[in-house]
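An overview of the molecular structure
Below, each chain spelled out in residue letters.
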Amino acid sequence: MKNRDILLDVIGETDEELVPELTEKKRSRIKRTVIGGVCAAAVIAGAVTLYPKLGRSPDRSAGSCTVLAAAVYPQIPAYPGDEDDYGAYQAWSEAVAELRSQPEGYTDGFDTFFVNSTQVFLSGAEDGNAVYSPLSLYMALGVTAEITDGSSRQQILDVLGQSDIETLRAHSRSIWQADYMDDGMAKCVLATSLWTNSSLSYRADTMEQIAESYYSSVYSGDPADEGYSTALHEWLNEQTGELLTDYVSGIEMDPEMVLTLASTVDYCGKWVDKFSAESTEQSVFHAAGGDVTCDFMNAERDMEYRWGESFSSVSLPLENNGHMKLILPDESCSPADLLSDTEVWELLKSQWYYPNSKYVTVTLSVPKFDVSSDTDLREGLLRLGVSDVFTPDTADLSPLTDEAEGICLSQAKQDTRVTIDEDGCRASSMTVMEVCGEAEPDDHAEFILDRPFIFEIMSAAGLPLFVGIVNVPV
Amino acid sequence: MEDIHIIELYWKRDSSAITESQIKYGSYCSVIADNILHSAEDTAECVNDTWLRAWDSMPPQKPSRLALFFGRITRNLAIDRYRRNRSQKCGGGQTALCLEELGECIGEECPIEDRLELRELLNGFLRGLSDKNRKVFLLRYWYMMPVAEIAQRSGISEGAVKMTLKRVRDKLKDFLQNEGVGV
C-alpha cells in the first residue's frame, strides 16, 4: 500500500473531538430546482384497443365518463430546499428508500425482455430516429396478460420472462414502486388506465386486480360520446406532461371498441452537472442522410469514460432520477450495427459496473436533441411470439368479460418523445467545471457526439426507461 | 430516538437497533459513502454493512459520539470498496482526487510501518491548526466532500477552499518531512 493510502486511512482515525459532525445540515450536492425539463421524455404505449369481431351497437344513453377505480400513488415528501432542516431531508430520503427497497429478484426476466424487445423495436432505424420505452411496454403487456388466459396469456408471460401470472403481478408492482418518483424536483411516473365500454359488463375481480397490481385507473363510458374521447385525451396529456399533444390529438376512440388500454411514462430530470448555455455552439452533425447543423452543448469534465471494441460511452447523471448513457459507435459502424454487439448490451444492462472504464478528463460535446417516434407494436410483438391475442379465433379474453367471444387486440402503438437541453444556463455557468477540485487526472478523452448514436435513460432503480437511436438530433 | 437508547438496543442484541440506526443515521452515512464511491448501489451496500459492523462492535464498545462512530465505519468500508473497485478499474467519486492531493504531502521513498505513530503525529498537527482550517481539511479528507460542497457549508468561495486546502497540505508536507515520515 502506498504512503498516501495509509495517510488517508490514518486521517480516518483522527481523534473524535477534532472531527466536525454533519448532522446539522443535509447533503447539499443536490440543489432544489423546479421541474422544467432538461431531459424530458414521455411515452404512450397505449391505444392498445380491443374490438369485437362484429360491430355492436353501443348504449348511447350512458354518461360521458365514470371513474370505476382511481389509482392512488404513494406520497413522497417534497424534496427539501437548501434551507430546510435535516429532518425534512431524512423524511424524503426514507420515503424514497422505502419505495426502492423491493424483494430480491423482482427484476428477474426483465433483462431478457429488454434485450429481445429493444432489438426488435429499434431495428430498421437506418435514417430516422427510433425511441422505445421497454418499461412502458412491460407494464402494458402485464395488464394485457391479466385480461387474457390460455395460450394468449402464456405467450405474453414468455416474452416478459415470467413463469406465471402471480409472479408477473408481484414483479410489476415492485418495478412500478422502485421506479416511481414525484417529489417536486424529479419525476418518473408509469401510469396505466383502462377505458371500458359502458354498454358491456366486465369482470370486477380482474379490474380490481389490475388497479391493485399496476396502479391503474379504470374508466367507463360510451366510446361514441365525444366527452369520453376528450377525457381520454386529457388523461393522456396530463400523464405525459403535454409532451405528446400532437400524438394524443390523433388518437380516436372507436365507437365499437371494447377496451382501450393506455400506458404512459412521464419522466423529467435535471442534469447533476448542468451544461453552460454560454458554451453551446452550433456545429455540424454528420447525420445518416447528410450533414445538418445543430446546437452542441460543450463541457470538460472529470468523469467515467467507458469503451468497447466498437464504441465509447459516458453517463450523465440526473438529480435523484437515474442517468442517461450516451453511446457513440466507432466511425466504421452504425448504431444499428451495435445492437448485435454483446458488449453494448452489457453496458446498457448495467447500472454502474462495466469492466472497460476509467476515470478521466473528458471533452464533451453533446447535441441538443428532440427526437420522437411512433411505433406500431403489432408487428414487433408478432416477431417476439405474441400472436394469439391479435386474432379473434385464438384470442382468449375471458378474464375481461363474459362477452369475450370474438374479441381481439386490434391495435397496439407506442408514441415516444425524448428531449434534452442544457437548462439553467445562468446557474450552470457558475459551477460546472469546478466541482472536482484542482487536481488534473493523468488521462484525457474526447467524446464528440457528431454522428448517429445510441442513448438510454436508466431509472434510479437501474431499469431502462427509454432507449433510442438518434440519427438526426432535431 | 436518542443515541443512548440506540446503543442500548445494540447491547441488548435487539435487531431493531439496525432499523433505528438506519432511520437516524442512514442518510448521514450515505453522504460519506457516496462522496467516496459516487455510486448509489455501492453506497447502499456500504451503509447496510455499517450496521452489521456496528452490531459486531457493540458490545463491547459504547461510543461516546454515535454519529462519528457510524461515520468512521462507513468511511472505512467505503474506502475498502473503493480500492477493490479501483483494482477492477471502476471509478469512485472524490477519493481518487483526495488521494492525489494527499500524495503532495507525503513521500513514497520510505514505506510507513508505524501507523500509530503517524496517527499521533497527525492528531498533533490537526490540533495546531485553526478551527476553520481544521474543519475544511477534515471535510475534504475525512468526509471526502467535494470542494463546492465545502464552500457552501463553510460560506466561503470555492477558490478560498482550494487555497486553504493547498496551504494546509503544504504545511502538512513540511511537518511530515521534519518528522521523517515517508522520506
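For the structure, check the block above.
On a predicted model such as this, the values are computed, not experimentally measured, just so you know.

**Here's the deal with the overall build of chain A**
What chain A contains, in helices and strands, is 13 helices and 19 strands. Across the 474 residues of chain A, 49% fall into the buried class.

**A look at helix α5 (residues 150-160) of chain A**
All names here are of chain A. Within α5, burial applies to Ser152, Arg153, Gln155, Ile156, Val159 and Leu160. For α5, the angular spread of buried residues about the axis comes to 160°, placing them on one side. Next to the buried residues of α5 lie α3 (110-122), α4 (134-146), α6 (165-179) and α12 (377-384). Two residues or fewer after α5 comes Gly161, characterised by a positive phi angle close to 70°.

**Regarding the packing of helix α1 (residues 3-11) of chain A against helix α6 (residues 115-127) of chain B**
Running from N to C, α1(A) and α6(B) point in directions that differ by 60°, and their axes come no closer than 10 Å. Classified by the angle their axes make, α1(A) and α6(B) are oblique. Seen along the crossing, α1(A) lies across α6(B) with a hand that is right-handed. Contacts between α1(A) and α6(B) involve Ile6(A), Val10(A) and Ile11(A) from the first element and Arg115(B), Leu118(B), Arg119(B) and Leu122(B) from the second.

**With respect to the environment of Gly322(A)**
Residue and element names in this part refer to chain A. One can find Gly322 in the loop between β11 (311-317) and β12 (323-329). Residue classification places Gly322 among the buried positions, given that 28 C-beta atoms sit within 10 Å. Placed 137 residues apart in sequence, Gly322 and Ser459 show a C-alpha to C-alpha distance of 4.4 Å.

**Quick word on the nonpolar core**
Counting residues in each nonpolar core, the largest one holds 120 residues, and the members touching the most others are Leu122(A), Leu232(A), Ile327(A) and Leu465(A). With 8 residues, the single largest contributor to this core is α4(A). Counting only domains with at least three residues in this core, you end up with domain 1 (3-75 + 103-269 + 372-417) and domain 2 (270-370 + 429-470) of chain A. Those residues in contact with Ile327(A) that lie beyond four places of it in its chain are Phe311(A), Ser313(A), Leu338(A), Val344(A), Leu347(A), Phe453(A) and Ile454(A). The next biggest cluster of nonpolar side chains, apart from the first, holds 56 residues, and it includes Ile6(B), Cys46(B), Met145(B) and Leu176(B).

**Topic: the environment of Pro59(B)**
Of note, Pro59(B) is situated in the loop between α3 (40-57) and α4 (66-87). Distance from Pro59(B) to Trp11(B), taken between C-alpha atoms, is 5.5 Å for residues 48 residues apart in sequence.

**Looking at the interface of chain B and chain A**
If you look at the interface, chain B gives 55 residues, while chain A gives 45 residues. Breaking the side of chain B that touches chain A down by element, the ones donating at least two residues are α2 (16-37), α3, α4, α5 (95-103), α6, α7 (131-141), α8 (147-154) and α9 (158-178) of chain B. Looking at side-chain class alone, the side of chain B that touches chain A contains 28 nonpolar, 10 polar and 17 charged residues.

**Quick notes on the packing of α3(A) against α12(A)**
Residues and elements named next belong to chain A. Relative to each other, α3 and α12 sit at 135°, their axes nearing to 10 Å. Classified by the interaxial angle, the pair formed by α3 and α12 is oblique. Both α3 and α12 take part in a crossing whose hand is right-handed. Along its contact with α3, which presents Asn116, Ser117, Val120 and Phe121, the element α12 presents Gly380, Arg383 and Leu384. Looking at side-chain class alone, the contact of α3 with α12 contains 3 nonpolar, 3 polar and 1 charged residues.

**What to know about the environment of Ser201(A)**
Residues and elements named next belong to chain A. Inspection of the secondary structure puts Ser201 in the loop between β6 (187-197) and α7 (204-214). Residue classification places Ser201 among the exposed positions, given that 11 C-beta atoms sit within 10 Å. Between the C-alpha atoms of Ser201 and Asp402, which are 201 residues apart in sequence, the distance is 7.6 Å. Not counting residues up to four positions away in its chain, the partners in contact with Ser201 are Thr401, Asp402 and Glu403.

**Observations concerning the pairing of strand β10 (residues 290-307) of chain A**
Residues and elements named next belong to chain A. Summarising the sheet, strand β9 (residues 281-287) and β10 pair through 7 bridges and their orientation is antiparallel. Counted as the bridge partner of Ala287 is Gly290 from β10. Connecting β9 to the antiparallel partner β10 that follows it, the hairpin turn spans 2 residues. The sheet contact formed by β10 and β11 spans 2 bridges and is antiparallel. Looking at β11, one finds that Trp307 is bridged to Ser312. What sits between β10 and β11 in their antiparallel hairpin is a turn of 3 residues.

How each quantity is defined
- Residues numbered from 1 in each chain as written.
- Chains lettered and ligands numbered in written order.
- Predicted model: local features only at pLDDT ≥ 70, side-chain atom pairs only at ≥ 80, totals over all residues.
- Helix = DSSP H or I, 4+ residues; strand = E, 2+ residues; numbered from the N terminus.
- Buried ≥ 20, exposed ≤ 12 C-beta atoms within 10 Å, placed from the backbone.
- Arc of directions from axis to C-beta.
- Contact = placed C-beta atoms within 7 Å.
- Axes fitted to C-alpha atoms, helices over the stretch in contact; angles between N-to-C directions.
- Parallel < 35°, antiparallel > 145°, perpendicular 65-115°, else oblique.
- Left-handed = near helix turned anticlockwise from the far one by under 90°.
- Core = buried A, V, L, I, M, F, W, Y, C linked by C-beta atoms within 7 Å.
- Domains from an automatic or database assignment.
- Nonpolar A, V, L, I, M, F, W, Y, C, P; charged D, E, K, R; others polar.
- Pairing = 2+ DSSP bridges.

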